[in-house]
Amino acid sequence: MDIRTLLDHTALSQTLDRLAYQIYERHLDFEDVALVSLQPRGVELGRRVHERLKKLSGEEMIHHGELDITFYRDDFRRRDGVLVPAKTNLDFSIEGKEIVLIDDVLFTGRTVRSGLDALLDFGRPANVELLVLIDRRYSRELPVQPDYTGRTVDVVKDERVQVEWSENDKNNRVTLFSEQND
Amino acid sequence: MTSLSTKHLLGIKDITLEDINLIFQTADNFKEVINRPIKKVPSLRDVTIANVFFENSTRTKLSFELAEKRLSADVINFSASSSSVKKGESLVDTVSNILAMKVDMVVMRHPNPGAHIHLARHVDCSIINAGDGAHEHPTQALLDAYSLRERVGDLKGLKILIVGDILHSRVALSNVFCLQKLGAEVRVCGPATLIPKHMESLGVKVMLNFEEALKWCDVVNMLRIQMERQDIQYFPTLREYTMQYGLSRELLYKVGKKDIVVMHPGPINRGVEITSDMADSEFSIILDQVENGVAIRMAVLYLLAGDASSN
């Protein structure tokens, strides 16, 4: 197995800063903005972007929710076993809000498609943007593109991108695994 | 990724504690779904479910149908009174005919105990028991335990009393299996004529005196007297039954109980097994049971339908 680091702790931290700045630049007024992280892996990323955005804008109240998409997946009954859902936690109305949907790795685009369906069941937002930490180019199965991208990478199908968040936030990193066929 | 240990839900007796916990965990999520503005998810949109009822039912059928529709499944309903069962068709033939129309799951209620087990051996689809005679009613037991857990937390060591017509009750038997698996202690109480013979062999103590039993328990589950199933006279009059086994606030105070949880699987006969006041009191979780019924049934359908390896 071959492991390559795409973003080490420092680079990742800078990328998160930049993403927060980009959201800040595009929105300025945060009364109607809400971050919505996709369960399970978008949540850790969303929490960090949310923290940075609060500091940056000086706003204490920026909405942040977690959305589970298990019931909206398109591979239900097409795989072995059942996926156990995670918590959805949206304690605000998304009606008329500007939503930033957050996930860690954008690959086929199917998760985002499910995420949009799940989100729209809660109301009609003014608009929806997509933020991803890693955009795997040339692997899309649906026409989905991000508005905010941490890093764009070109990887082949049998390689896997993994985002690791450490508990004390001191050793976060993004790595690329490639399974060698023996 | 997890799955239930079974392809069917025939009874609580055959499922494991892990299964029960998985159903509860999934039901938590569906409970959140049914409290949303749009109470529907598309999970089962390519699944067709037949509700086959050989016996009358209002709330169970309604609850299952609602659960199926909130999962976006296609639903067909079938009741024995309007079917060819009257024309002499066998159970396996009836269900095979329904399945030939590309139905994926069957929810069935049947007056004969074990009808589901027989059917599961002969047809190739998931079968969910919505009550078979006086045998089992698994989803009712699951929603009872789930509602109880919501009110009191862990059920381990909890003392639960089931009162009334135990002999004709499928709710009682499923409840016993489910609550014991979750670590609770269950006892039953009622007129000796309405207690089945081998109750003790399940580890369930029989108490004939309601006042003493009430003193013992933390939770009381009041069952209805099933007049329609009573072929002979099991007790002199309803009035006498109410005096001996009816739950009222006066009785509760008389035995010195300050706190208790009151459950009832419905339909309630107000003024018979329970006073109107108690049914609507702060002790009662009867309406929570009804609400949770939909979430529990959604969880069971979702978990049974979702495993592609068993399709």
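What you see as residue numbers is a count from 1 along each chain, following the sequence as written. Written order determines the labels here, with chains lettered from A and ligands numbered from 1. Restriction of local features to residues with pLDDT of at least 70 applies here, the model being predicted, together with a cutoff of 80 or more for giving and counting side-chain atom pairs; totals for whole chains, interfaces and linings are based on all residues.

Visitor: Report on the overall build of chain B, specifying residues and quantitative values.
Guide: Looking only at helices and strands, one finds eleven helices and nine strands in chain B. Both definitions apply: the radius of gyration is a C-alpha atom measure, and the globule rule equals 2.2 Å times residues to the power 0.38. For chain B, whose C-alpha radius of gyration is 19 Å, the value lies close to the compact-globule estimate of 19 Å for 311 residues. Summarising its shape, the C-alpha atoms of chain B cover approximately 60 × 45 × 35 Å along the three principal directions. Scored against the burial criterion, the 311 residues of chain B give a buried share of 44%. Contact between residues is assigned whenever the C-beta positions, reconstructed from backbone atoms, fall within 7 Å. Considering only contacts within chain B whose residues lie at least 6 apart along the sequence, 75% involve residues at least 24 apart. Comment: elements are numbered from the N terminus, with helices defined as DSSP H or I runs of at least four residues and strands as E runs of at least two. Three classes are used. A residue is buried when 20 or more other C-beta atoms lie within 10 Å of its own, exposed when 12 or fewer do, and partly exposed in between, with C-beta atoms placed from the backbone.

Visitor: How would you sum up the overall build of chain A? Please name residues and give values.
Guide: Scanning chain A from terminus to terminus reveals three helices and eight strands. Taken from N to C terminus, the helices and strands of chain A fall in the order β-α-β-α-β-β-α-β-β-β-β. The proportion of buried residues among the 182 residues of chain A is 35%.

Visitor: Hey, could you go over the confidence of the model for chain B for me, with residue numbers and the actual values?
Guide: Per residue, pLDDT measures the predictor's confidence, with a range of 0 to 100. Here chain B shows a mean pLDDT of 91. Residues at 70 or above account for 96%. Predicted as a complex, the structure gets a pTM of 0.89 and an ipTM equal to 0.79.

Visitor: Describe the interface of chain A and chain B, listing the residues and the values that go with them.
Guide: With 17 residues of chain A at the contact, the number on the chain B side is 21 residues. Residues were grouped as follows: Ala, Val, Leu, Ile, Met, Phe, Trp, Tyr, Cys and Pro as nonpolar; Asp, Glu, Lys and Arg as charged; and all remaining residues, including Gly, as polar. Considered class by class, the residues forming the side of chain A that touches chain B number eight nonpolar, three polar and six charged.

Visitor: Got a sec to walk through the packing of helix α1 (residues 9-27) of chain A against helix α2 (residues 42-57) of chain A? Specific residues and values, please.
Guide: Residue and element names in this part refer to chain A. Fitted lines through C-alpha atoms serve as axes, helices being fitted only where they are in contact, and the angles separating the N-to-C directions of these axes extend from 0 to 180 degrees. In contact at an axis separation of 9 Å, α1 and α2 are set at 55° when each is read in the N-to-C sense. The angle between α1 and α2 places the two elements in the oblique class. Where α1 crosses over α2, the handedness of that crossing is right-handed. Where α1 abuts α2, its residues Leu16, Asp17, Leu19, Ala20, Tyr21, Ile23 and Tyr24 lie against Arg48, Val49, Arg52, Leu53, Leu56 and Ser57. Angles below 35 degrees are treated as roughly parallel, those above 145 as roughly antiparallel, those between 65 and 115 as roughly perpendicular, and all remaining angles as oblique. Each crossing is labelled by how the near helix is turned from the far one, with a counterclockwise turn of less than a right angle marking it left-handed and a clockwise turn marking it right-handed.

Visitor: Account for the sheet that holds strand β7 (residues 205-207) of chain B, with residues named and values stated.
Guide: All names here are of chain B. By the convention used here, strands pair only if DSSP detects at least 2 bridges between them. Strand order in the open sheet formed by five strands is β7-β6-β5-β8-β9, and the pairing between neighbours is parallel. A strand with exactly one partner marks an edge of an open sheet, and here the two such strands are β7 and β9 (261-263). Taken pair by pair, the neighbouring strands of this sheet meet at an average axis angle of 25°, ignoring direction. In this structure, strand β5 (residues 159-163) lies alongside strand β8 (residues 219-222), joined through four bridges in parallel fashion. Its bridge partner being in β8, Ile162 is matched across the sheet by Asn221. Where helix α6 (residues 170-181) meets the sheet, its contacts fall on β5, β6 (185-189) and β8, and the angle it forms with β6 comes to roughly 160°.

Visitor: Can you tell me about the sheet that holds strand β4 (residues 98-106) of chain A, naming the residues and giving the values?
Guide: All names here are of chain A. The strand order across the open sheet built from five strands is β3-β2-β4-β5-β6, with neighbouring strands paired in parallel fashion. Every other strand in the sheet has two partners, leaving β3 (63-67) and β6 (148-153) as the edge strands with one partner each. Mean inter-strand twist for the sheet, computed between neighbouring axes without regard to direction, equals 25°. The sheet contact formed by β4 and strand β5 (residues 127-136) spans eight bridges and is parallel. From the neighbouring strand, Glu98 faces β5, where its bridge partner is Asn127. Packing against the sheet, α1 makes contact with β2 (33-38), β4, β5 and β6, and its axis sits at approximately 140° to β6. Across the sheet, α2 lies against β2, β3, β4 and β5, angled at about 155° from β2, the strand it touches most.

Visitor: Kindly report on the domain arrangement of chain B, identifying the contributing residues and their values.
Guide: All names here are of chain B. Each domain span listed reflects an automatic or database assignment of domains. We note that the domain assignment places domain 1 (12-136 + 291-310) and domain 2 (138-289) within chain B. The straight-line distance from the C-alpha centre of domain 1 to that of domain 2 is 26 Å. Across the contact, 22 residues belong to domain 1 and 21 residues belong to domain 2. Those elements that provide at least two residues to the side of domain 1 that touches domain 2 are α1 (17-33), β4 (126-132) and α11 (286-305). Here the side of domain 1 that touches domain 2 takes six residues from α11, the largest share from any one element.

Visitor: Give me the nonpolar core: which residues, what numbers.
Guide: A set of buried Ala, Val, Leu, Ile, Met, Phe, Trp, Tyr and Cys residues, joined to one another through C-beta atoms within 7 Å, is what we call a nonpolar core. Residues A:Leu101 and B:Ala299 are the most contacted members of the largest nonpolar core, which totals 130 residues. For this core, the element with the highest residue contribution is α11(B), accounting for twelve residues. Each of two domains, domain 1 (12-136 + 291-310) and domain 2 (138-289) of chain B, supplies a minimum of three residues to this core. Every residue in contact with A:Leu101, bar those within four places of it in the chain, is listed here: A:Val36, A:Leu38, A:Val112, A:Gly115, A:Leu119, A:Val128, A:Glu129, A:Leu130 and A:Leu131.

Visitor: Describe the packing of helix α2 (residues 59-70) of chain B against α11(B), listing the residues and the values that go with them.
Guide: A pair of packed helices can be characterised by two numbers: the angle between their axes and the separation between those axes. Residues and elements named next belong to chain B. Where α2 meets α11, the closest approach of the two axes is 8 Å, and the angle between their N-to-C directions is 60°. Between α2 and α11, the angle falls in the class oblique. Viewed along their axes, α2 and α11 form a crossing whose handedness is right-handed. Contacts from Ser63, Phe64, Leu66, Ala67, Glu68 and Arg70 in α2 reach Gly293, Val294, Arg297, Met298 and Leu301 in α11. Here the residues of the contact of α2 with α11 are counted per class, giving six nonpolar, two polar and three charged.

Visitor: How would you explain helix α4 (residues 115-122) of chain B if you had to name every residue and give the values?
Guide: Residues and elements named next belong to chain B. What α4 keeps buried is the set Ala115, His116 and Leu119. Axial view of α4: buried residues confined to an arc of 90°, hence all on one face. Buried-residue contacts for α4 involve α3 (91-100), β3 (105-110) and β4. Comment: arc refers to directions from the helix axis out to C-beta atoms.

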